[in-house]
Amino acid sequence: MKSTQVDFSSGSVRRNVLAVAAPMLTAQLLNLLYNIIDRIYIGMIPGEGTIALAGLGLCFPVITMITAFANLFGVGGSPLCSIARGRQDTERAEHIMSNAYFMLLLAGVILTVLGIAFHRPLLYLFGASDATYPYASGYMVIYLLGTVFVMTSLGLNPYINSQGFARTGMLTVLLGAVSNLILDPVFIFLLGMGVRGAALATILSQFFSAVWVLLFLTGKKAELKLHFRNFRPDFDCIRQITALGTSSFVMSCTDSLVQVACNTMLRTFGGDLYISVMTVINSVRSIAQTPVMAISDGASPIISYNYGARNFPRVREAIRFMTQLGFGYTMLIWTLLSAFPAFFIQIFNRDAALVDAAVPSLHIYFFGFVMMAFQFSGQSVFKSLNRAKHAVFFSLLRKAFIVVPLTFLLPHVANLGVNGVFLAEPISNVIGGLACYITMRRTVMPELKADT
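These lines cover the structure that appears in this document, whether it is placed above or below. Every value quoted in this text rests on a predicted model; they were computed, and no experiment measured them. Think of each chain on its own: its residues are numbered from 1, step by step along the sequence as written. Local features in this predicted model are restricted to residues of pLDDT 70 or higher, and side-chain atom pairs are both shown and tallied only at a pLDDT of 80 or more, whereas totals for entire chains, interfaces and linings draw on every residue. Side-chain measures here rest on the full set of heavy atoms in the structure, leaving out hydrogens and waters.

## Considering the overall build of the chain
For step 1, the next point in the chain: Scanning the chain from N- to C-terminus turns up 17 helices and zero strands.
For step 2, the next point in the chain: Only C-alpha atoms enter the radius of gyration, while the globule expectation follows 2.2 Å times N to the 0.38, with N the number of residues. A globule of 452 residues ought to have a C-alpha radius of gyration of about 22 Å, and the chain, at 21 Å, matches this closely.
For step 3, the next point in the chain: Considered along the principal axes of its C-alpha atoms, the chain spans approximately 60 × 45 × 35 Å.
For step 4, the next point in the chain: Relative accessibility thresholds used throughout: buried, under 20% of the residue-type maximum; exposed, over 50%; partly exposed, between the two (1.4 Å probe, protein chains only). By the burial criterion, 60% of the 452 residues in the chain qualify as buried.
For step 5, the next point in the chain: Here, residues are in contact when the closest pair of their heavy atoms is within 4.5 Å. Taking contacts inside the chain between residues at least 6 apart in sequence as the whole, the part at least 24 apart equals 82%.
For step 6, the next point in the chain: Here the chain has roughly 17500 Å² of accessible surface; of this, 66% comes from carbon and sulfur atoms. Helical segments are the DSSP runs of H or I of at least four residues, strand segments are the runs of E of at least two, and each set is numbered from the N terminus. To be clear on the numbers: accessible area is Shrake-Rupley with a 1.4 Å probe, and residue cover counts the displayed protein chains and nothing else.

And the structure:
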């Protein structure tokens, strides 16, 4: 094997997980920079940073929806690719990847056309006011023009990681993040483009990442190569990819639904200020949950590969290590967020009114954050082992069946108001996280022991 490629079949399972998770963590943290840097710079626009930040927050459901489709065919196909690779079926693995990219391109074009055509009614549906709409529209239309680039870079990168090239996957994101870091201040401040400049910097950065991914997957270093020689869509293969990717798709879609519900209720009970607060808290959450996502994503190809190779002791060890590491991390970050809330909030905005409103909201929102470790662990196992029905159900349970109804209900209970909106998240973490993990333990682990 190449020196930069991790061998999933031998050596310490823990070292393999860390060898994949560490570059993926770096990559995911860098990926956050696409939007986090935008939020930081937009929050600093003189005289209009807070209202511009609210406008950007209104675009999150659309951005999340684009990510959902990238995950549908990216995260959906990569475990199948790993399982085929574990069985030494290279032709099948490449066939899966080619069909996934076909669907990524098709979905990207459709989302671009529909998003631009209906962006105005969508933004008002998401909670825009006449004050925030110009900022939201300025960012959203330009961002949508780069949808195909986003779909390519986000959707194909899991196929690099599934081959053991985690460092290359990290470099994909590093290229885009560094580009965004450089271009953002140029377009936003130097050229005076404001939120439009932030969107333009983002899609150009995603373009660079997309080119990098395609060059690698069609080049000599890749074990599994992307090609379209004599290609015809295989709808049975696409169905399998879609079935497994539906859980990640549903998670992102329900995230988008939650954002719409939160913005609607926050505008009703707190106004544009609390939409800005939620934008900041969502940004903090993105940073806080990224390492535990990287841990579960790092374990996923190892679980899938060894499941395909029927090496079940390594599968069980990877599951245990992933859960233990995720629990330790989430406990640490919950402690830090509880102790220093203002520090994390002021990364994005230092407006006194916003900070005063955001500190108690952050305490409520992150209560019981440790339960996220169980949610990610259970979900990762179901996806890695191609248990599509379980993965989809628990994706829907936490967000669609718990968070969204509570977001609409709790503000009216005992005069909770905006606090009720922020309280819905920790309740769902406890119920959904435990339900997902306990089900995984009672269904998957006995089967792995029985098949040893």
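## Some remarks on the packing of aromatic side chains
For step 1, the next point in the chain: Pairing of aromatic rings covers Phe, Tyr and Trp, the last through its six-membered ring, and needs centres within 6.5 Å; plane angles under 30 degrees mean stacked, over 60 mean edge-to-face, and all others mean tilted. A complete count under the given rule lists 18 aromatic pairs for this structure.
For step 2, the next point in the chain: Judged by centre distance (4.8 Å) and plane angle (75°), the rings of Phe69 and Phe249 are edge-to-face. Of this pair, Phe69 sits in helix H3 (residues 60–86) while Phe249 sits in helix H10 (residues 235–269); the two residues are 180 residues apart in sequence, bridging distant segments of the chain.
For step 3, the next point in the chain: Phe69 sits in the partly exposed class, given a relative accessible area of 22%.
For step 4, the next point in the chain: Arranged with centres 5.6 Å apart and planes meeting at 90°, the rings of Trp334 and Phe367 form a pair that is edge-to-face.

## So, the side chain of Ser78
For step 1, the next point in the chain: Mapped onto the secondary structure, Ser78 falls in helix H3.
For step 2, the next point in the chain: Relative accessible area serves as the criterion here: at 10%, Ser78 is assigned to the buried category.
For step 3, the next point in the chain: Dropping the residues within four chain positions of it, Ser78 is found in contact with Pro158, Tyr159 and Ser162.

## A closer look at the nonpolar core
For step 1, the next point in the chain: Buried Ala, Val, Leu, Ile, Met, Phe, Trp, Tyr and Cys residues that are joined via side-chain atoms within 4.5 Å together make up what is termed a nonpolar core. Judged by nonpolar contacts, the single largest core of 77 residues is most densely connected at Leu266, Phe366 and Phe422.
For step 2, the next point in the chain: No other element matches helix H11 (residues 272–308), which puts 15 residues into this core.
For step 3, the next point in the chain: With residues near it in sequence (within four places) discarded, Leu266 still touches Gly271, Tyr274, Ile275, Met278, Val418, Val421 and Phe422.
For step 4, the next point in the chain: Membership of the second largest hydrophobic core comes to 62 residues, among which are Leu58, Ile96, Phe126 and Ile188.

## A few points about helix H15 (residues 372–384)
For step 1, the next point in the chain: What a helix is expected to span follows from its residue count: subtract one and scale by 1.5 Å. For H15, with 13 residues, the first-to-last C-alpha span of 18 Å sits near the 18 Å given by 1.5 Å per residue.
For step 2, the next point in the chain: Within H15, 13 of the 13 residues are buried, which leaves it mostly tucked inside the rest of the structure.

## Digging into the side chain of Arg85
For step 1, the next point in the chain: As for its placement among the helices and strands, Arg85 is situated in helix H3.
For step 2, the next point in the chain: Judged by relative accessible area, Arg85 falls into the buried class, the value being 6%.

## Remarks on unusual backbone geometry
For step 1, the next point in the chain: One non-glycine residue with positive phi stands out, namely Gln88, at about 65°.
For step 2, the next point in the chain: Of note, the phi angle at Asn415 is positive, near 55°, even though the residue is not glycine.

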